[in-house]
Amino acid sequence: MSDDPRHRIAARAARELRPGEVVNLGIGIPNLIPRFLGDEANVFVHTENGLLGVGPPPADDELDEDLIDAAKRPITALPGAAYFDSAQSFAMIRGGHVDTAVLGALQVSERGDIANWAVPGKDVLGVGGAMDLVVGARRVIVTMTATSSTGEPKIVERCSFPLTAAAAVDTVVTELCVFHRRDGRLCLTELLDGATIDDVRALTTARFAVDEALAVGSV
Amino acid sequence: MTLDGITTAEDAVAHVRSGDTVMVGGFGLVGAPLTLIDALVELSDATDLTIVSNNIGEPGRGLGKLLRQGRIRRGISSYFTSNPEAVDAVNAGEMEATLLPQGTFAEAIRAGGAGVGGFFTPVGAGTLLAEGKEERMLDGVPHVLELPLQADVALVYAARADRLGNLWYRHTARNFNPLMATAARVTIVEAGEVLEVGELEPESIHTPHLYVDFLVERR
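The structure presented is a predicted model; accordingly, all values stated were derived computationally and were not measured.

1. Some remarks on the overall build of chain B
Right, on to step 1. Check the secondary structure of chain B and you find 6 helices and 11 strands.
Right, on to step 2. Compactness check: chain B gives a C-alpha radius of gyration of 17 Å against a globular reference of 17 Å for 219 residues, within 12% of the reference.
Right, on to step 3. Principal-axis analysis of the C-alpha atoms gives chain B an extent of 50 × 40 × 25 Å.
Right, on to step 4. Counting every position in chain B, which comprises 219 residues, the buried fraction comes to 55%.
Right, on to step 5. At a minimum sequence separation of 6, the contacts of chain B that also span at least 24 residues come to 72%.

Given below as structure tokens:
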């Protein structure tokens, strides 16, 4: 398995996805997930700029200037794909027709609040589809490293950054562990790659429950 | 539309007046009506514009050209950040910015074209983007009242149009274009290809011609 924690997080998150699901993948770690999905995964990737059925990146001779994902990167469309306008795309999201959104975050609180669009003191001029996805998708999985690039815990008691949505996160996957939100609180359900509960505690300011059947997993 | 043929880009953009609100299609530059934007930049002196578009182009490209001319008084958008010059213009007080979640932005345009006086959405409730907006609990969930968006002029790109103004969009270049085509007093379409009446299959028409006022060929 890769030494890059981002790849390990993506690989673990890929195992959360169920066959037949419609999934929207955010920029960054979520976009690494397709490489860890086998053919049997059979998930349908939705991109909010108007396509259900996103395929792999194009070969040079397949590049099509009318075909991009929400990160504005060139993509392909798989057989069975469907195109639609932005109002319908977000009706799918808001209406609960997208099963799972996987996205990165700046902070997740112990209540499942998420902050992933703005940093205090910086420009708050770009939100895109982040709020729609975390409110609308039936399940929200956050993939992120446990700490920021400056070593600050990202799983926190309370978000200090502007919220994207309150109590919206269902699952958090970091390089250390997996949390699920149960009864409105984070619950540690799995330790990854030899991490201990103390390792997890050392890198979070959040209070969390520990699952009775805590799994010790590796990817 | 009473189309007796195709309009020049110069004649078409003469319908944009100073102080107007102008909707411009596209997700980034994909699906953006670049010929019409260039005509607005080069052949029109309308200024003090309110631009409704998902992004304000890119530096020196698309709407980024109009921005450099200082002709955008206000932007209504979900993602200004894709053009750092737009962020600079806002911070310098040269442009006002109204930021909306992308799904709210799309739905507000749809509502504007469909005669709907507003809508309550859970997206954005409890966040910075709900400030100053009416909130209401509906079925136990906080919602925000969003008002429709309408424009004086919409600039739209479609891959194919027939001479009546029926439109067909291609791949992810559809995005906001069909919504904006419905929401303006004057809708100007830039078409990649202009077909004779009857050449578009009726079932495959995305925008029926009654929304379209002027047709310009892509340069």
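2. Examining the overall build of chain A
Right, on to step 1. In terms of regular secondary structure, chain A is built from 4 helices and 13 strands.
Right, on to step 2. Relative to the globule expectation of 17 Å for 219 residues, the C-alpha radius of gyration of chain A, 17 Å, shows essentially globular dimensions.
Right, on to step 3. Along the longest, intermediate and shortest principal axes, the C-alpha atoms of chain A span 50 × 40 × 30 Å.
Right, on to step 4. Per-residue burial over chain A gives 47% buried out of 219 residues.
Right, on to step 5. Put simply, 64% of the contacts in chain A that link residues at least 6 apart link residues at least 24 apart.

3. Things to note about the interface of chain A and chain B
Right, on to step 1. With 31 residues of chain A at the interface, the matching set in chain B holds 35 residues.
Right, on to step 2. Elements represented by at least two residues in the side of chain A that touches chain B include exactly α2 (86–94) and α3 (130–136) of chain A.
Right, on to step 3. Top element by residues in the side of chain A that touches chain B is α2(A). It accounts for 5 residues.
Right, on to step 4. Residue classes in the side of chain A that touches chain B are distributed as 15 nonpolar, 7 polar and 9 charged.

4. A word on the sheet that holds strand β5 (residues 119–121) of chain B
All names here are of chain B.
Right, on to step 1. Ordered by their spatial adjacency, 3 strands build an open sheet running β5-β7-β6, and the pairing between neighbours is antiparallel. A single partner strand is all that each edge strand has here, and the edge strands are β5 and β6 (135–138). The sheet shows a mean angle of 40 degrees between the axes of neighbouring strands, taken without regard to direction.

5. What to know about the confidence of the model for chain B
Right, on to step 1. Predicted confidence across chain B gives a mean pLDDT of 97, with 98% of residues reaching 70 or more.
Right, on to step 2. The complex model carries a pTM of 0.96, and its ipTM stands at 0.97.

6. Points about the environment of V30(B)
Right, on to step 1. On the secondary structure map, V30(B) appears in the loop between β1 (21–24) and α2 (34–43).
Right, on to step 2. With 22 C-beta atoms counted inside 10 Å, the residue V30(B) sits in the buried group.
Right, on to step 3. For the pair V30(B) and A154(B), spaced 124 residues apart in the sequence, the C-alpha separation amounts to 16 Å.
Right, on to step 4. Residues within four places of V30(B) in sequence aside, it is in contact with E65(A), D66(A), I68(A), T172(B) and A173(B).

7. Some points on the nonpolar core
Right, on to step 1. In this structure, M23(B), A154(B) and V189(B) are the most contacted members of the largest nonpolar core, which totals 132 residues.
Right, on to step 2. If near-sequence neighbours (up to four positions away) are discounted, A154(B) is found in contact with M23(B), M180(B), A181(B), A183(B), A184(B), T187(B) and I188(B).

8. Considering unusual backbone geometry
Right, on to step 1. Positive phi, close to 45 degrees, is recorded for A167(A), a residue that is not glycine.
Right, on to step 2. Mapped onto the elements of the fold, A167(A) is located in the loop between β9 (155–156) and β10 (171–173).
Right, on to step 3. C-beta crowding within 10 Å serves as the criterion here: with 13 such atoms nearby, A167(A) is assigned to the partly exposed category.
Right, on to step 4. Backbone geometry at N175(B) places phi at a positive 30 degrees, although glycine is not the residue there.
Right, on to step 5. Of note, N175(B) is situated in the loop between β9 (167–168) and α6 (177–180).

9. Examining the sheet that holds strand β6 (residues 107–109) of chain A
Residue and element names in this part refer to chain A.
Right, on to step 1. Strand order in this open sheet of 3 strands is β7-β6-β9, and the pairing throughout is mixed. For this open sheet the edge positions go to β7 (114–115) and β9, each flanked by a neighbour on one side alone.
Right, on to step 2. Across 2 bridges, the pairing between β6 and β7 is antiparallel. Bridge assignment links Q107 to a residue of β7, and that residue is A115.

10. Some words on the pairing of strand β3 (residues 72–77) of chain B
Residues and elements named next belong to chain B.
Right, on to step 1. Taken together, the 4 bridges between strand β2 (residues 49–52) and β3 define a ladder with parallel strand orientation. In the strand pairing of β3, I51 is matched with G75.
Right, on to step 2. The handedness of the β2 to β3 crossover, carried by helix α3 (residues 63–68), is right-handed.
Right, on to step 3. Where β3 and strand β4 (residues 96–99) come together, 4 bridges link them in parallel fashion.

11. A word on the environment of M180(B)
All names here are of chain B.
Right, on to step 1. Position of M180 relative to the elements: it lies in helix α6.
Right, on to step 2. Between the alpha carbons of M180 and L195 there is a distance of 22 Å; along the sequence they are 15 residues apart.
Right, on to step 3. Ignoring sequence-local partners within four residues, the contact set of M180 consists of M23, G25, I109, A154 and V156.

Calculation criteria
- Residues numbered from 1 in each chain as written.
- Chains lettered and ligands numbered in written order.
- Predicted model: local features only at pLDDT ≥ 70, side-chain atom pairs only at ≥ 80, totals over all residues.
- Helix = DSSP H or I, 4+ residues; strand = E, 2+ residues; numbered from the N terminus.
- Rg over C-alpha atoms; globule rule 2.2 N^0.38 Å.
- Buried ≥ 20, exposed ≤ 12 C-beta atoms within 10 Å, placed from the backbone.
- Contact = placed C-beta atoms within 7 Å.
- Nonpolar A, V, L, I, M, F, W, Y, C, P; charged D, E, K, R; others polar.
- Pairing = 2+ DSSP bridges.
- Axes fitted to C-alpha atoms, helices over the stretch in contact; angles between N-to-C directions.
- pLDDT = per-residue confidence, 0-100.
- Core = buried A, V, L, I, M, F, W, Y, C linked by C-beta atoms within 7 Å.
- Right-handed = clockwise from strand over helix to strand, strands pointing away.

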